[in-house]
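# Summary of structural features
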Amino acid sequence: SEEIVPSVRNGLGDDVDLLVDGNSAFSPEKAISIGRMLEDHGVCHFEEPCPYWELEWTKQVKEALDLDVTGGEQDCDLSVWKRMINMGAVNVVQPDICYLGGLTRTLKVAQMANEFGIICTPHSANLSLVTVFTLHLMGAIENAGPYVEFSIEGPDYYPWQYEIYDPVLKVRDGKVQIPNSPGWGVDINPLFLEKNKYKISSLG
């Protein structure tokens, strides 16, 4: 809201980048109005200002504002990605490796975006393996964005995300190290696997 953004800015100071997520909530007119307010307070990134499937609406917002308009976390169809990138609907693409179906498909999206000079800041909403995958991806692409989406919910809110693997990812001086041990750089906790339920589906 118009009260929250300036209070966050005042609390954090001018040296901190502020990013805002619209969660697909606004019409183009409303999103542009909100975006101008965000620009007035130095916000640099406005995610999913319009319903994510309304690419023309999102492009309208992007063309009206100076901050980065971003999106794509919901999209798993490469043909939609191609259209989004070709039409210039966003300034930053945000594919989710797990939603999209793995690293190979996500690398295709990052490459498509790179050919159009668009940066890639993948979506990773929690500290499960999706953030581990994302860190490795960002270390491998030319057009990685300047930040990584990193969950701040603690063990009291999402306890399971701290139980999956070791070592737990940590932010130091505003940066997260790409795990550099063999494989993905983390070890899956066998106790986490033991206490979870599994279902196997099959044809027949």
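In the block above lies the structure referred to throughout.
My aim in this report is to walk through the structure given alongside it, one point at a time. Counting restarts for each chain, with residues numbered from 1 along the sequence as it is written. Residue-level local features of this predicted model are given only where pLDDT is at least 70; pairs of side-chain atoms are given and counted only at 80 or more, and the full residue set underlies all totals for whole chains, interfaces and linings. Hydrogens and waters are ignored; side-chain quantities use all the structure's heavy atoms.

## Digging into the pattern of salt bridges
Just to be clear on terms, a salt bridge is a Lys or Arg side-chain nitrogen sitting within 4 Å of an Asp or Glu carboxyl oxygen. Following the criterion strictly, the structure yields 3 salt bridges and no others. Note that K59 is salt-bridged to E63, the shortest N-O span being 3.8 Å. You can see K59 and its partner E63 sitting in helix α3 (residues 55-64), 4 residues apart, about one turn around the helix. Three labels apply to residues, based on accessible area from a 1.4 Å probe with only protein chains included: buried if under 20% of the type maximum, exposed if over 50%, partly exposed otherwise in between. With a relative accessible area of 56%, E63 lands in the exposed category. Numbering goes from the N terminus for both helices and strands, where a helix is a DSSP run of H or I of at least four residues and a strand is a run of E of at least two.

## Some thoughts on the sheet that holds strand β5 (residues 119-120)
On the basis of which strands lie adjacent, the open sheet formed by 5 strands has the order β1-β2-β3-β4-β5 and parallel pairing. Since the sheet does not close on itself, it has two edges, and those belong to β1 (18-21) and β5, each with one partner. Any two strands between which DSSP finds at least two bridges are classified as paired. Note that strand β3 (residues 68-71) and strand β4 (residues 92-93) share 2 bridges and pair parallel. Its bridge partner being in β4, T70 is matched across the sheet by V92.

## Topic: the pairing of strand β2 (residues 43-47)
With 4 of 5 residues buried, β2 lies mostly within the body of the structure. For β1 and β2, the ladder comprises 4 bridges, and the chain directions are parallel. Looking at the pairing, L18 lines up with V43 of β2. For the handedness criterion, the β-α-β arrangement of β1, helix α2 (residues 28-40) and β2 is classed as right-handed. Pairing of β2 with β3, which is carried by 3 bridges, proceeds in the parallel orientation. Bridge pairing in β3 links F46 to V69. Handedness of the β-α-β unit built from β2, α3 and β3 comes out right-handed. By convention, orient the strands away from the viewer: a clockwise path from the first strand over the helix to the second makes the crossover right-handed.

## With respect to the packing of aromatic side chains
Aromatic rings from Phe, Tyr and Trp, with only the six-membered ring used for Trp, were paired whenever their centres fell within 6.5 Å, and each pair was classed as stacked if the ring planes differed by under 30 degrees, edge-to-face if by over 60, and tilted otherwise. Scanning all chains against the criterion turns up 2 aromatic pairs. Summarising the aromatic geometry, the rings of Y52 and W53 are spaced 5.1 Å apart at their centres and angled 85° between planes, so their arrangement reads as edge-to-face. Note on Y52: relative accessible area 31%, which makes it partly exposed. You can call W53 exposed: its relative accessible area is 54%. When the centroid spacing of 4.6 Å and the interplanar angle of 55° are considered together, the rings of F133 and W184 count as tilted. Of this pair, F133 sits in helix α7 (residues 129-140) while W184 sits in the loop between β8 (175-176) and β9 (187-188), placing them 51 residues apart in sequence. Exposure remark for F133: the relative accessible area of 17% places this residue in the buried category.

## Some thoughts on the packing of α2 against α3
Here an axis means a line fitted to C-alpha atoms, over the contact stretch when the element is a helix, while the angle between two N-to-C directions is reported on a 0 to 180 degree scale. As a packed pair, α2 and α3 sit with axes 9 Å apart at the nearest point and diverge in direction by 30°. Judged on the interaxial angle alone, α3 and α2 are roughly parallel. Relative to α3, the crossing made by α2 is right-handed. On α3, the residues that touch P28, A31, I32 and R36 of α2 are W57, Q60, V61 and A64. Classes in brief: Ala, Val, Leu, Ile, Met, Phe, Trp, Tyr, Cys and Pro nonpolar; Asp, Glu, Lys and Arg charged; the others, Gly included, polar. For the contact of α2 with α3, the class distribution of residues is 6 nonpolar, 1 polar and 1 charged. The cut-offs work like this: below 35 degrees is roughly parallel, past 145 is roughly antiparallel, 65 to 115 is roughly perpendicular, and the gaps in between are oblique. Handedness of a crossing follows from how the near helix is turned relative to the far one, being left-handed for an anticlockwise turn of less than a right angle and right-handed for a clockwise one. In what follows, a contact means two residues having at least one pair of non-hydrogen atoms within 4.5 Å.

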